[in-house]
Amino acid sequence: MAFKLGKENRGFKTPSNTNLFKKEFDDGSLAQANMDGSIDLDPSINPNSKRGKEIIRHEQAHLQQIEDGRAAYGENWVMWEDNIYFRKEEDGVPVIDGPNGRWPEGHPNHPWEAEAIAAEKINTKE
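Cut-offs applied
- Residues numbered from 1 in each chain as written.
- Predicted model: local features only at pLDDT ≥ 70, side-chain atom pairs only at ≥ 80, totals over all residues.
- Heavy atoms only, no water.
- Helix = DSSP H or I, 4+ residues; strand = E, 2+ residues; numbered from the N terminus.
- Expected span 1.5 Å × (residues − 1).
- Buried < 20%, exposed > 50% of the residue type's maximum accessible area, 1.4 Å probe, protein only.
- Contact = heavy atoms within 4.5 Å.
- pLDDT = per-residue confidence, 0-100.
- Core = buried A, V, L, I, M, F, W, Y, C linked by side-chain atoms within 4.5 Å.

### Considerations on helix H1 (residues 50-67)
Now for step 1: With 18 residues, H1 ought to run about 26 Å at 1.5 Å a step, and its terminal C-alpha atoms sit 25 Å apart, in line with that.
Now for step 2: Of all the positions in H1, only Gly52, Glu54, Ile55, Ile56, Arg57, His58, Glu59, Ala61, His62, Leu63, Gln65 and Ile66 are classed as buried.
Now for step 3: Among the structural elements, strand E1 (20-22), strand E2 (31-33), strand E3 (39-41), strand E4 (71-73), strand E5 (77-80) and helix H2 (111-119) are those in contact with the buried residues of H1.
Now for step 4: Looking one or two places after H1, you find Gly69, whose phi comes out positive at around 80 degrees.

### Details of the confidence of the model for the protein chain
Now for step 1: Here the protein chain averages 87 in pLDDT, and 84% of its residues register 70 or above.
Now for step 2: Within the model, pLDDT remains below 50 along residues 7-15, and this stretch shows 24 contacts once partners closer than five positions in the same chain are excluded.

### Comments concerning the nonpolar core
Now for step 1: Of all hydrophobic cores here, the largest spans twelve residues; its members are Ala33, Ile39, Ile56, Leu63, Ile66, Ala71, Tyr73, Val78, Trp80, Tyr85, Ile96 and Trp112.
Now for step 2: Contributions of two or more residues to this core are made by H1, E4 and E5.
Now for step 3: With three residues, H1 is the largest single contributor of residues to this core.
Now for step 4: With residues up to four places along the chain from it excluded, the contact list for Ile96 reads Val78, Tyr85, Phe86, Arg87, Gly101, Arg102, Trp103, Glu105, His110 and Trp112.

Okay, structure coming up:
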């Protein structure tokens, strides 16, 4: 799941009070956390399903990273723990030169993604 900056400005909210919007993605993403504290979710995902709840927890983890000041995102960059990493395209694949090397966007080797992936399974009662 790629994590990209949304273009809409809706005002920042905490992850526990997250606005959820339906959005179709051109890149195959299922969801994205936005810098304004909202989450965009692909219309094919039922937010009340087990998978939908996992995806939302993943994106809420990104929102918490933003709220804590550990992460920020732009069209061509990612900030993680006060370091800027640039987004690029390599052989048609979006990549980020992150702290653990060059990996595709959404790859678990990016520390911000590893945390969000771990959050998918937290507090599951389905």
